[in-house]
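One letter stands for each residue in the lines below.
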Amino acid sequence: MKLNTAQFMQLYAWYSWPNVILCFLGGFLLDRVFGIRLGTVIFSLFVCVGQIIFATGALVDHFWLMEVGRFVFGIGGESLAVAQNTYAVNWFKGKELNLVFGLQLSMARLGSTVNMNIMGWVYSKVGGLVGTPGYTTLGASLMIAAVTCLFSLSCALVLAFLDKRAEKILHKEQGKTGEVIKLTDVKDFPFVLWLIFIICVGYYVAIFPFIGLGQVFFIEKFNFSPAEARAINSVVYIISAPASPILGFMVDKIGKNVIWVMCAVVTTLTAHMMLAFTFWNPWIAMSLLGVSYSLLACALWPMVAFVVPEHQLGTAYGFMQSIQNLGLALIAMAAGSILDNKGYLFLEVFFSACLCIALIAVVMLYFVDYLRGGDLNLSAAARAKLQKQAASDSEIRRRPSRLTEGELARLKPMSAFGLRNRYLSRLGAQLPDHCSTHLSSLAHRSVLK
């Protein structure tokens, strides 16, 4: 379609722009309006419609219509990720949450890997049927890809049914915490959560825009063929698919989330510097990138559940997705402009600078968390013990509320005067008239015995 790099990256930006606001609102709507089940179905429907509009724009050779499709797709895409995260936390908080996030990421990256390696083949096959490659072939190929979005919508419907059924069987009340959530709750987010947000933005803006531009990078710098460039560009997702659940399980068993996040950021920075300043085999750097990307997702995202109340999880995850998409939209446009004007070396230096910001934030997170007791960096055994103690304390706090007023009165400690009179009543001594009726009755019963 004769697009330059800046125009191509605009498609990424159009996906991200609506989510600057809608991810946060999506989380709020999940908490307050739609609920997790209906919200997931609605966001899945937006994804389907957006992909169909995007494919139609390519089919009729209207780039503006493709941009509209990406915008609509974006309305549902990231909000759907918020719903997915909320589902995971509702079902697995306090259990194998890191593993679940790893499996979640694994399935998403498996889809990305298939897309990056299969769509070229689909395009060539459709081109053979149509007769000539071009926008018609592109549109037909994208329309075929829309089938996966329909499958996603079907899964959302099935999941809603299963979740509703589980609610009846387990008497599990989802989205009914009794708490009042306000949009102004954002100002009450703890400082450590804002550091997590900075890490998220600083890290992911050095991953997704790079992968979007990576194919041409490997062709120009390493003289790879288009097929080889596609293969190595998808290594991050290929590694992420099997590595994410394994690393998630490891983080679950070991704990120390902040340390793992720090290792992931440092490893990713090393990989980008290798790609920028050396001609070493890029498979090494991309493999490091794939492992570190998987590790960060398994360790970073579950930490949100450790620092905010459960009734604000949808809002917190939504806001995290919102500022991530703001960063991605701005960096996508900046990356396209840098590449057109300065080249890949400057672009890699730019990505490295973003990772340095993430590294500073994670170091700050480590020390701030340490000064506040180290809750985020607990070992798995310590966290399990803490959660068990919290559950025990909660049960103890609930017990007195079940007692009657009379029972509560008898639980109150007796004064010295009351203890003396009770002792005398046990001996059968005659008590003065001004003593309590209860003690007098005790004395009377003692005498009868």
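Here we summarise the structure given alongside this text. (Residues numbered from 1 in each chain as written. Predicted model: local features only at pLDDT ≥ 70, side-chain atom pairs only at ≥ 80, totals over all residues. Heavy atoms only, no water.)

**Overview of the overall build of the protein**
Thought 1: For the protein, the helix and strand inventory stands at 19 helices and zero strands.
Thought 2: The buried share of the protein, taken over its 449 residues, is 47%.
Thought 3: At a minimum sequence separation of 6, the contacts of the protein that also span at least 24 residues come to 77%.
Thought 4: In the structure as shown, the protein presents an accessible area of about 22800 Å², 67% of it carried by carbon and sulfur atoms. (Helix = DSSP H or I, 4+ residues; strand = E, 2+ residues; numbered from the N terminus. Buried < 20%, exposed > 50% of the residue type's maximum accessible area, 1.4 Å probe, protein only. Contact = heavy atoms within 4.5 Å. Areas by Shrake-Rupley, 256 points an atom, 1.4 Å probe, with all protein chains shown as cover.)

**Some details on the pattern of salt bridges**
Thought 1: Counted according to the given criterion, the structure contains one salt bridge.
Thought 2: The partner of Asp-163 in a salt bridge is Arg-37, and the shortest N-O contact between them spans 2.5 Å. Taken together, the positions of Asp-163 in helix α6 (residues 135–170) and Arg-37 in helix α3 (residues 35–59) put the pair 126 residues apart, joining distant regions of the chain. Taken as a pair, Asp-163 and Arg-37 share a single burial class, namely buried. (Salt bridge = Lys/Arg side-chain N within 4 Å of Asp/Glu carboxyl O.)

**A word on a nonpolar patch on the surface**
Thought 1: There is a patch of nonpolar side chains on the surface, built from Trp-14, Trp-17, Phe-71, Leu-326, Leu-330 and Met-333 and spanning about 460 Å² of accessible area.
Thought 2: Among the elements that line the nonpolar patch, the one with the most residues is helix α14 (residues 313–341), at three residues.
Thought 3: Position of Met-333 relative to the elements: it lies in helix α14. (Patch = residues over 30% accessible without salt bridge, like charges linked within 9 Å, V, L, I, M, F, W, Y side chains within 5 Å.)

**Describing the packing of α3 against α6**
Thought 1: In contact at an axis separation of 8 Å, α3 and α6 are set at 175° when each is read in the N-to-C sense. Looking at the two axes, α3 sits roughly antiparallel to α6.
Thought 2: For the contact of α3 with α6, the class distribution of residues is 23 nonpolar, seven polar and four charged. (Axes fitted to C-alpha atoms, helices over the stretch in contact; angles between N-to-C directions. Parallel < 35°, antiparallel > 145°, perpendicular 65-115°, else oblique. Nonpolar A, V, L, I, M, F, W, Y, C, P; charged D, E, K, R; others polar.)

**As for the environment of Leu-162**
Thought 1: Along the chain, the position of Leu-162 falls in helix α6.
Thought 2: Expressed as a C-alpha distance, the spacing of Leu-162 and Arg-37, which sit 125 residues apart in the sequence, is 9.8 Å.

**Concerning the environment of Leu-138**
Thought 1: Checked against the element boundaries, Leu-138 lands in helix α6.
Thought 2: Overall, the relative accessible area of 26% leaves Leu-138 in the partly exposed class.
Thought 3: Considered as a pair, Leu-138 and Val-60 are 78 residues apart in the sequence and their alpha carbons are 10.0 Å apart.

**Focus on the nonpolar core**
Thought 1: Of all hydrophobic cores here, the largest spans 98 residues; its most connected members are Phe-218 and Leu-300.
Thought 2: In terms of residue count, the dominant contributor to this core is α14 (11 residues). (Core = buried A, V, L, I, M, F, W, Y, C linked by side-chain atoms within 4.5 Å.)

**A few points about helix α12 (residues 282–300)**
Thought 1: Spanning 19 residues, α12 covers 26 Å between terminal C-alpha atoms, matching the ideal 27 Å at 1.5 Å per step.
Thought 2: For α12, a buried count of 14 out of 19 residues is recorded, marking the element as mostly surrounded by other parts of the structure. (Expected span 1.5 Å × (residues − 1).)

**Looking at unusual backbone geometry**
Thought 1: A positive phi angle, close to 60°, is found at Asp-61, a residue other than glycine.
Thought 2: As for its position among the elements, Asp-61 is in the loop between α3 and α4 (63–92).

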